[in-house]
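Working through the structure, step by step
Okay, here's what each chain looks like letter by letter:
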Amino acid sequence: MNVVERLEALRTLGAHERGIDRALLTPPERRARALFASWARASGLHVTQDGVSNLFARRDGTRANAQPILVGSHLDTVPTGGAYDGAYGVAAALCALDVLDVRGVRTAHPIEAVAWAGEEGSRFPLGCLGSSVFAGLNDERTVLEIVGDDGVTLAQALASPEGGLLEGLPMRTGRDVAAYLELHVEQGPVLEDLGLSLGIVTAIAAQRRLRATVTGRSGHAGTVPMAMRADALGAASELVLALERAAREQGDAVATVGRMLVEPNGTNVIPAHVVFSIDIRSPDEAKLDAIEARLTEVIARVRKGRGVEIELEAFERRSSTPMTPALRDAIARAITTQCEAYADVPSGAGHDAMSLGKIAPTAMIFVPSTGGQSHVSEERTADRDLLLGVEALANAIVEVDRVVD
Ligand SMILES: [Zn+2]
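Rules and cut-offs
Residues numbered from 1 in each chain as written. Predicted model: local features only at pLDDT ≥ 70, side-chain atom pairs only at ≥ 80, totals over all residues. Heavy atoms only, no water. 1 Å grid on protein atoms, 1.4 Å probe; cavity = no way out; pocket = protein on both sides within 12 Å on 5 of 7 lines; lining within 4 Å. Points joined across faces, edges and corners; volume = space filled by probe spheres on them. Helix = DSSP H or I, 4+ residues; strand = E, 2+ residues; numbered from the N terminus. Nonpolar A, V, L, I, M, F, W, Y, C, P; charged D, E, K, R; others polar. Domains from an automatic or database assignment. Donors = N, O, S within 2.8 Å, 3.2 Å for Na, K, Ca; no water. Buried < 20%, exposed > 50% of the residue type's maximum accessible area, 1.4 Å probe, protein only. Axes fitted to C-alpha atoms, helices over the stretch in contact; angles between N-to-C directions. Parallel < 35°, antiparallel > 145°, perpendicular 65-115°, else oblique. Left-handed = near helix turned anticlockwise from the far one by under 90°. Contact = heavy atoms within 4.5 Å. Salt bridge = Lys/Arg side-chain N within 4 Å of Asp/Glu carboxyl O. Phe/Tyr/Trp six-rings, centres within 6.5 Å; stacked < 30°, edge-to-face > 60°. Lys NZ or Arg CZ within 6 Å of the ring centre and 35° of its normal. Pairing = 2+ DSSP bridges.

Here we come to the layout of surface pockets. What the largest pocket holds in volume is close to 1,200 Å³. What lines the largest pocket is a set of 47 residues, among which Arg281, Arg318, Gly348, Ala349 and Gly350 lie closest to the centre. Going through the elements one at a time, β9 (206-215), β14 (273-282), β15 (309-318), β17 (343-347) and α11 (353-356) are the ones with two or more residues in the lining of the largest pocket. The greatest single-element share of the lining of the largest pocket, amounting to four residues, is contributed by β17. Taken together, the residues of the lining of the largest pocket sort by class into 16 nonpolar, 19 polar and 12 charged. A domain-level breakdown of the lining of the largest pocket finds at least three residues from each of domain 1 (3-204 + 320-403) and domain 2 (206-318).

Have a look at this one:
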């Protein structure tokens, strides 16, 4: 089965009229893992799982005691998600191993196709759940106690026969990894805009999430003169626009206010209270520092000028994950041998490669997302690009096998 056919099979699992719901350890997600295991076995791979339901399919290498090169992504989706985010990289990893078989390629390192558990953080509130536990960034026992949005702990969900671990699979041991490769849809419009089928990721962007709370003074929309107001939404609007300007000025940075709550939220009442989210990302942390510094300046000015109170609270800081130069070069050679062009692109979205990047040489390949759409049911990548991605991944495995210890 090629990658297009495999994605079609996975697409049906958890599908409904508004998209795909395949949250971690739900019945459709378990069916996806079972399908991965059956495909892997059909290809003669040795399938194992671990204590948080990460799944591994191993193709042996020729060198004794060589650590494995892991190649994978995730099978879970966001609510009403699409068919390509994550699933593509997992299906493609198996297909790339089939390509090596067809070509009679033996690698020195064992190669393991991996389906990481719960990358999206849907159901259990922890992104990159499986890969972060595997990489030792989160303690497994602590993570097992995390409660999902249905009140069930991860440990209970893993034990459930409907959504839990697959029966009869041996447990994988050991965490040593020679290298990690992940093929993923871009989830943005850059490659399509450049007219290219392949991208090599430079770095996964640093991300900061903050919450701004603006407190002004409510009043009658008709009776309070403009000069006597402390309009919380007016103040918030200045901050939103300042943030947008700051990100544009920095370049190579993005800023988003995606959520805003206005109180009392009446058509004829001056807003007293506004809470909004701020999401800023860049591969370059210094740019995020600069945007935050600008925001602090504007807050001081708006506070004084409008007589409102503004509080800023940071609740998530993720550092940037640079991709390993030697692996990026190996991928570039791989793509060049197939006479394809590529672009170096940053990843604004988070991926399991952030976890693996902490413990092993790591790199990512992107294929375009039609219209830049992702995390929606309309998410799509052209069949030709899906197939080129598998080819690039197979070639990259061979190149990476040569350059890592
Ligand atoms: Zn993903």
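Turning next to the coordination of the zinc ion. When four donors bind a metal tetrahedrally, each ideal donor-metal-donor angle is 109.5 degrees, and when six bind octahedrally, the ideal angles are 90 or 180 degrees. Protein-derived ligands of the zinc ion are His74 (NE2), Asp85 (OD) and His184 (NE2), with the metal-ligand distances lying across 2.0 to 2.2 Å. For the zinc ion, all donor residues lie on one chain, and their spacing in sequence is H-x10-D-x98-H. Here His184 lies in strand β7 (residues 179-185) and His74 lies in strand β5 (residues 69-74), a separation of 110 residues in the sequence. There is no split in this pair, since His74 and His184 are both buried.

Another point: the packing of helix α10 (residues 325-337) against helix α12 (residues 383-403). At a closest axis distance of 8 Å, the pairing of α10 and α12 adopts a crossing angle of 135 degrees. Looking at the two axes, α10 sits oblique to α12. Of the two possible hands of crossing, α10 and α12 adopt the one that is right-handed. Seen from α10, the contacting residues are Ala326, Leu327, Ala330, Ile331, Arg333, Ala334, Ile335 and Thr337; seen from α12, they are Ala392, Asn395, Ala396, Glu399, Val400 and Val403. By residue class, the composition of the contact of α10 with α12 is 10 nonpolar, two polar and two charged.

All right, on to the domain arrangement of the protein chain then. Structurally, the protein chain comprises domain 1 (3-204 + 320-403) and domain 2 (206-318). Taking only C-alpha atoms, the centre of domain 1 and the centre of domain 2 are 37 Å apart. Contact with domain 1, which involves eight residues of that partner, is made by seven residues of domain 2. Linking domain 1 with domain 2 are zero salt bridges.

For the structure on display, the rule yields four aromatic pairs. Their ring planes at 90 degrees and their centres at 5.9 Å tell us that Phe56 and Trp116 sit as a pair that is edge-to-face. One end of the pair, Phe56, is in strand β4 (residues 55-59); the other, Trp116, is in strand β6 (residues 111-116), with 60 residues separating them in the sequence. Here Phe56 and Trp116 have matching classes, each one buried. Residue placement shows Arg172 over the ring face of Phe56; its charged tip is 4.7 Å from the ring centre. A cation sits over an aromatic face here: Arg211 above Phe315, 4.6 Å from the ring centre.

As a further point, take the pairing of β9. The two faces of a sheet get side chains in turn, since along a regular strand they alternate between them. The pairing of β9 with β14 spans 10 bridges and is antiparallel. Looking at β14, one finds that Ala206 is bridged to Ser282. Pairing geometry for β9 and β15, over nine bridges, is antiparallel. Bridge pairing links Arg211 to Glu313 in β15.

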